[in-house]
Amino acid sequence: MFAAATTTPNSLLLHRPSPAAAKVAMDSSLRLPARAAGISCAAVATPERGVYNFAAGPATLPLSVLQKAQEELVDYRGSGMSIMEMSHRGKEFDAAIKKAEADLRTLLAVPDTHEILFLQGGATTQFSAVPLNLCASPSDPVDFVVSGSWSDKAFKEAKKFSAASVAWSGKDGKYTSLPPFDAIKQNPEAKFLHICSNETIHGVEFKDYPEPKNKSGILVADMSSNFCSKPVDVSRFGIIYAGAQKNVGPSGVTIAIVRKDLIGNAQPITPVMLDYKTHADNASLYNTPPCFAIYICGLVFEDLLAQGGLAEVEKKNAHKAGILYDAIDGSDGYYICPVEKSVRSLMNVPFTLAKGGDFEKQFIAEAAKEGMVQLKGHRSVGGVRASIYNAMPLAGVEKLVAFMKDFQARNP
Ligand code: PMP
């Protein structure tokens, strides 16, 4: 059924899409009329906080989470202290981190074979930690799919601690596509295959994941910008890592989900803080963790569970993204999303205006006046980027779509 709707070799149907993701690709490629057509900008609900924040990260958080944190900020659950002021070894924080971990395990159905670690240093630190932990020496080969700026950065860092190769690169296509999986030139001797599941800058998202062909069968994913946006079969991954500051919390904490048998073999030069064993042996409390950030992640996990879990969250995300891509594709080329339809991100939607950079600036400035902020594309690529993570309300996307139509009508 999807075969008729998709035209590219790396189409979703090759990669077993989740139903919600497939629907977005299909709607967009069929150029269905935008579902938000007819909504006038002013008629769309006013955001509760005065603006809709389309930032790529740190990004918008659920209002209910911020309110709960505000309520508990000064006196955490009757303790007379803020959670920021407490020992990370005290009973309150111990309960908070254990609950956060348990809720994340439930949300993502993380099997017992995998450890959940709360780390520091951002996802960027994982670019070094992964090869340090998975390679016996810097001469061990590893494979990278380079699908955008973030996987390129991960690859370059990995070269310091491993013999990293590019198994596929999207650079010539300006990072607007992903390969059919059999086009990834995997080295059977590689210690792992690394992907970035969602390229935050370029808006390219894996809808399914390649099978690692290396002997150890290890797939590693940087999921920073689509972590907890949909269900994922964690058992397929050796390591999943993600900075929290897009979908699940503030900056300051990075979550790593690591297969237990991969822990404990780090290269001898590995700094203690980059060795997964350090953190696994100490339940993420080897040193002082980012307590407040972990606490906020815990509140977000509770909120995601209360929404019905990640299958429900994915449906909402697919609906929001579908509206936006339909608006772009239905604009007669006024707005252009360069990303191949089958791999368009549900989280980060980059687009340009055919009329050029000055109009993009005007678009971004006028949108900000209307209460839609942080829409500027990444400094490396320009254009417009709407990041529509879990916490972006549907009304925010509807308002953006209505504004896009207004803007086009006013500036033909
Ligand atoms: N990977 C991806 C996909 C990202 O989007 C980012 C941050 N935007 C990073 C890695 C780097 O994360 P951090 O800033 O937490 O080091």
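Reading the values: the criteria
- Residues numbered from 1 in each chain as written.
- Predicted model: local features only at pLDDT ≥ 70, side-chain atom pairs only at ≥ 80, totals over all residues.
- Heavy atoms only, no water.
- Buried < 20%, exposed > 50% of the residue type's maximum accessible area, 1.4 Å probe, protein only.
- Helix = DSSP H or I, 4+ residues; strand = E, 2+ residues; numbered from the N terminus.
- Pairing = 2+ DSSP bridges.
- Patch = residues over 30% accessible without salt bridge, like charges linked within 9 Å, V, L, I, M, F, W, Y side chains within 5 Å.
- Areas by Shrake-Rupley, 256 points an atom, 1.4 Å probe, with all protein chains shown as cover.
- Salt bridge = Lys/Arg side-chain N within 4 Å of Asp/Glu carboxyl O.
- Near = heavy atom within 4 Å.
- Polar contact = N/O pair within 3.5 Å; in protein donor to acceptor, adjacent residues only side chain to side chain.
- Nonpolar A, V, L, I, M, F, W, Y, C, P; charged D, E, K, R; others polar.
- Contact = heavy atoms within 4.5 Å.
- Expected span 1.5 Å × (residues − 1).
- Bend = angle between axes of the 7 residues up to and from the residue.
- Axes fitted to C-alpha atoms, helices over the stretch in contact; angles between N-to-C directions.

### Topic: the pairing of strand E12 (residues 348-353)
For E12, the buried fraction is high: five of the six residues fall into the buried class. In terms of strand pairing, strand E11 (residues 335-336) meets E12 through two bridges, oriented antiparallel. Bridge pairing in E12 places Ile-336 opposite Thr-352. As defined by bridge partners, E12 adjoins strand E14 (residues 384-387) across four bridges and the pair is classed as antiparallel. Bridged to Val-349 within E14 is Ala-386.

### So, a nonpolar patch on the surface
A cluster of nonpolar side chains, Leu-73, Val-74 and Met-84, forms an exposed patch at the surface whose accessible area comes to about 290 Å². What makes Met-84 exposed here is its relative accessible area of 52%.

### Overview of the pattern of salt bridges
Going through the model one piece at a time under the given rule, you end up with 19 salt bridges. Residues joined in a network through salt bridges with shared partners are Lys-68, Glu-72 and Arg-77.

### Examining the site of the ligand
In the region of the ligand, 13 residues are neighbours, and Thr-124, Thr-200, Asp-222, Gln-245 and Lys-246 sit closest. Between the ligand and Ala-123 there is a distance of 3.1 Å, counted from an oxygen atom to a backbone nitrogen or oxygen. Interatomic distance of 2.5 Å between a side-chain N/O atom of Thr-124 and an oxygen atom of the ligand. Of all the elements, helix H4 (residues 122-134) adds the most residues to the shell around the ligand, at four residues. The residue makeup of the shell around the ligand, split by class, is four nonpolar, seven polar and two charged.

### Let's talk about the environment of Lys-230
Along the chain, the position of Lys-230 falls in the loop between strand E8 (219-222) and strand E9 (239-243). Note on Lys-230: relative accessible area 7%, which makes it buried. A sequence separation of 123 residues divides Lys-230 from Leu-107, and the C-alpha atoms of the two residues are 9.6 Å apart. When neighbours within four sequence positions are excluded, Lys-230 is seen to be in contact with Leu-108, Glu-205, Phe-206, Tyr-209, Leu-310 and Glu-314. A polar atom in the side chain of Lys-230 sits 3.0 Å from the side chain of Glu-205. At 3.3 Å, the side chain of Lys-230 forms a polar contact with the backbone oxygen of Phe-206.

### Digging into the environment of Lys-405
With respect to the helices and strands, the residue Lys-405 is situated in helix H10 (residues 394-410). A sequence separation of 71 residues divides Lys-405 from Tyr-334, and the C-alpha atoms of the two residues are 9.9 Å apart.

### What to know about H4
Under the 1.5 Å per step criterion, the end-to-end length of H4 is 19 Å for 13 residues, consistent within 8% with the ideal 18 Å. Taking the largest bend as the criterion, H4 deviates by roughly 30°, centred on Ser-128, and proline Pro-131 comes between one and four positions later. Burial analysis of H4 places ten of its 13 residues in the buried class, the great majority of the element. The set of residues buried in H4 consists of Ala-123, Gln-126, Phe-127, Ser-128, Ala-129, Val-130, Pro-131, Leu-132, Asn-133 and Leu-134. Those residues of H4 hidden inside the fold are in contact with strand E2 (114-119), helix H5 (149-158), E8, E9, strand E10 (254-259) and helix H6 (276-281).

### A closer look at the sheet that holds E11
In space, the three strands of this open sheet follow the order E11-E12-E14, with antiparallel pairing throughout. Both outer strands of the open sheet, E11 and E14, are each paired with one neighbouring strand and no more. Sheet strands in contact with helix H9 (residues 357-369) are E11, E12 and E14, and its direction is about 130° off that of E12.

### Quick word on the environment of Gln-362
You can see Gln-362 is positioned in helix H9. Discounting residues that sit within four places of it in the chain, Gln-362 has contacts with Phe-407 and Asn-411. Here Asn-411 takes part through its side chain, which lies 3.5 Å from a polar atom of the side chain of Gln-362.

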